[in-house]
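Inside the fold
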Amino acid sequence: MKKRNLVIVSLITSMAVSMLSGCSAGETASTGSVDKAEASQTTESTEGETAGTGSDAGGVLRVGMECAYPPFNWTQDEATTPDGSKAVPIYGSDYYTYGYDVAVAQKLADELGMELEIHKVEWSSIGISMDAGDYDCIIAGMGRTAEREMSYSFTEPYYYRDNCIVVKKDGPYAGVKGLSELNGTGCKLTTQLGTGWIPLLDQVEGAVTGSNYETTSECFMAVSNGVADVCIIDFPTAQSALLTNDDLMIITFDESDSFTGDDEMVNVCIATKKNDTELRDKLQGAMDAIGWNDKAAMDELMNTVIGQQPAAK
């Protein structure tokens, strides 16, 4: 009898322990599920606040650019430009940035009631870093090309630019008037890596190609040093380069004897992630609201910022 009672007590105890263990496991699983949901909601909320998906919600407009592509964007020590315009702090640094891209980004942020945050990034990884979530859009003198449209969404142009070449003033190509005059000369060409100017290199018959650079400054230095003879670039950037390279000169070709298929590089647009059409449309709405589709106004701002570069002092 005592043995039977002991067995019963043992079974009851064992069942109670099992029930308690099951309850504990269930509570843990439930808690873990709630934690994950809360974490997901927190992440979504943070992303929403950062991207600033509505002008009435404010938020932060996070923009990626080189901060090394004057006159579109550059890095400087001072918080203001020579005319008193306010430069923007570069995120995570003690430096500031200004230029055409920064001025336009500030106009759009103001229109949307958002705070502007500029992130400095190498041109070669500017798209990768946006896709990784380091910032929300690219305002960096980027041309809208068919290839890029496969990866990003674009606004309408916020600047229209013309292309040109840069050569040495006292060099063998200073007298060139048209593209055809470069054919068969064996000239050494250069331009910036990862840009729409790369395909234009092949339009010069018999030219030496292959030595291209991460920044436009390096391209101009290559021409100055004789490493390259001709740099294919846009006109505003060439104007900027001549502020600190008085041994260089700009040559613009007549349309009848110039590059073909370079129309894509003329259109400078804002890029967002491919699926972030909401932010793209929001930025486009801000551009429309301030009337930023007037080429004359664009050219006026560009002429102003070129004179505000540290090199122009």
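Coordinates for the structure precede this section.
So, here's what we can say about the structure.

Reading guide: rules and limits
- Every chain is numbered on its own, with residues counted from 1 as its sequence reads.
- Residue-level local features of this predicted model are given only where pLDDT is at least 70; pairs of side-chain atoms are given and counted only at 80 or more, and the full residue set underlies all totals for whole chains, interfaces and linings.
- Side-chain numbers come from the whole structure's heavy atoms, not from hydrogens or water.
- One requirement defines pairing of two strands: DSSP has to find at least two bridges between them.
- Helix and strand assignments come from DSSP, with helices taken as H or I runs of at least 4 residues and strands as E runs of at least 2, each series counted from the N terminus.
- For this document, the term salt bridge refers to a Lys or Arg side-chain nitrogen within 4 Å of an Asp or Glu carboxyl oxygen.
- Only protein chains enter the accessibility calculation, which uses a 1.4 Å probe; a residue whose area is less than 20% of its type maximum is buried, one above 50% is exposed, and one in between is partly exposed.
- In what follows, a contact means two residues having at least one pair of non-hydrogen atoms within 4.5 Å.
- Here the aromatic set is Phe, Tyr and Trp, taking the six-membered ring for Trp, and pairing holds for ring centres within 6.5 Å; pairs whose planes are under 30 degrees apart are stacked, those over 60 apart are edge-to-face, and all others are tilted.
- In this analysis, the expected span of each helix is defined as 1.5 Å times one less than the number of residues it contains.
- By the criterion used throughout, a crossover qualifies as right-handed when its path from the first strand across the helix to the second strand runs clockwise, the strands pointing away from the viewer.
- Only four residue types enter the charge count: Lys and Arg as positive, Asp and Glu as negative, with His and the chain ends excluded.
- Any N or O atom pair separated by 3.5 Å or less is treated as a polar contact, with the protein-specific requirement of one donor-capable and one acceptor-capable atom, and with residues adjacent in sequence counted only for side-chain atom pairs.
- Lines fitted to C-alpha atoms define the axes, with helix axes restricted to the stretch in contact, and inter-axis angles between N-to-C directions lie between 0 and 180 degrees.
- In this scheme, roughly parallel covers angles under 35 degrees and roughly antiparallel covers those over 145, while 65 to 115 is roughly perpendicular and the rest are oblique.
- All residues other than Ala, Val, Leu, Ile, Met, Phe, Trp, Tyr, Cys, Pro, Asp, Glu, Lys and Arg, Gly among them, are scored as polar; the first ten of these are nonpolar and the last four charged.

What about the sheet that holds strand E5 (residues 115–120)?
Strand order in the open sheet made by the 5 strands is E5-E1-E6-E14-E7, with mixed pairing throughout. Strands with a single pairing partner mark the edges of an open sheet, and in this sheet they are E5 and strand E7 (152–154).

Digging into the pattern of salt bridges
Within the structure shown, the criterion is met by 5 salt bridges. Between arginine 144 and glutamate 156 there is a salt bridge whose closest N-O contact spans 3.9 Å. Of this pair, arginine 144 sits in the loop between strand E6 (137–138) and helix H4 (146–149) while glutamate 156 is found in the loop between E7 and strand E8 (159–160), placing the two residues 12 residues apart along the sequence. With relative accessibility at 18%, the residue arginine 144 sits in the buried group. On the basis of relative accessible area, glutamate 156 is assigned to the partly exposed category, the value being 46%. Note that aspartate 299 and lysine 295 form a salt bridge whose closest N and O atoms lie 2.9 Å from each other. One end of the pair, aspartate 299, and the other, lysine 295, are both in helix H9 (residues 295–306), 4 residues apart, so they sit about a helical turn from each other.

Observations regarding the environment of alanine 207
Within the element layout of this structure, alanine 207 appears in the loop between strand E10 (189–190) and helix H5 (216–224). For the pair alanine 207 and asparagine 183, spaced 24 residues apart in sequence, the C-alpha separation works out to 7.1 Å. Those residues within four positions of alanine 207 in sequence are excluded, and the remaining contacts are Gly186, Cys187 and Leu189.

Some thoughts on the sheet that holds strand E2 (residues 74–76)
Pairing within the open sheet is antiparallel, and its 3 strands lie in the order E2-E4-E3. Unpaired on one side and paired on the other, E2 and strand E3 (88–89) mark the two borders of the sheet. Pairing of E2 with strand E4 (residues 96–98), which is carried by 3 bridges, proceeds in the antiparallel orientation. Of the residues in E4, the one forming a bridge with threonine 75 is threonine 97.

A short note on the packing of aromatic side chains
With the rule as written, the count across this model stands at 8 aromatic pairs. The interplanar angle of 80° and the centroid separation of 6.2 Å between the aromatic rings of tyrosine 152 and phenylalanine 154 together place this pair among those described as edge-to-face. Each member of the pair, tyrosine 152 together with phenylalanine 154, is buried. Grouping aromatic residues by their ring pairs yields a cluster made of Tyr69, Phe72, Tyr100, Tyr158 and Tyr159.

What to know about helix H2 (residues 100–112)
Taking 1.5 Å as the rise per residue, H2 with 13 residues should run 18 Å; its terminal C-alpha atoms sit 19 Å apart, in good agreement. Taken residue by residue, H2 has Tyr100, Asp101, Val102, Ala103, Val104, Ala105, Leu108, Ala109 and Leu112 as its buried positions.

A short note on the pairing of strand E11 (residues 230–234)
Across the 5 residues that make up E11, a large majority, 5, are buried. Pairing of strand E9 (residues 163–168) with E11 involves 4 bridges; the strand directions are antiparallel. Residue pairing in the sheet places cysteine 164 in a bridge with isoleucine 233 of E11. This β-α-β element, E10 to H5 to E11, shows right-handed connectivity.

Describing the side chain of aspartate 101
Tracing the sequence through the fold places aspartate 101 in helix H2. The buried charged residue aspartate 101 lacks any salt bridge, with arginine 161 as its nearest oppositely charged partner at 7.8 Å. Polar side-chain contacts of aspartate 101 include one of 2.8 Å to the side chain of asparagine 73. Those residues in contact with aspartate 101 that lie beyond four places of it in its chain are Met65, Phe72, Asn73, Ile139, Ala140, Gly141 and Tyr158.

A closer look at the environment of valine 266
In this fold, valine 266 is placed in helix H7 (residues 263–266). For the pair valine 266 and tyrosine 159, spaced 107 residues apart in sequence, the C-alpha to C-alpha distance is 8.1 Å. Dropping the residues within four chain positions of it, valine 266 is found in contact with Tyr159, Tyr160 and Arg161.

Let's talk about the packing of H2 against helix H8 (residues 277–289)
Close contact between H2 and H8 brings their axes to 9 Å; oriented N to C, the two are set at 95°. By the angle between their directions, the pair H2 and H8 is classed as roughly perpendicular. Touching Leu108, Glu111 and Leu112 of H2 are Lys282, Leu283, Ala286, Met287 and Ala289, all from H8. Residues of the contact of H2 with H8, tallied by class, amount to 6 nonpolar, no polar and 2 charged.

Function cannot be read off these values alone, since they describe shape.
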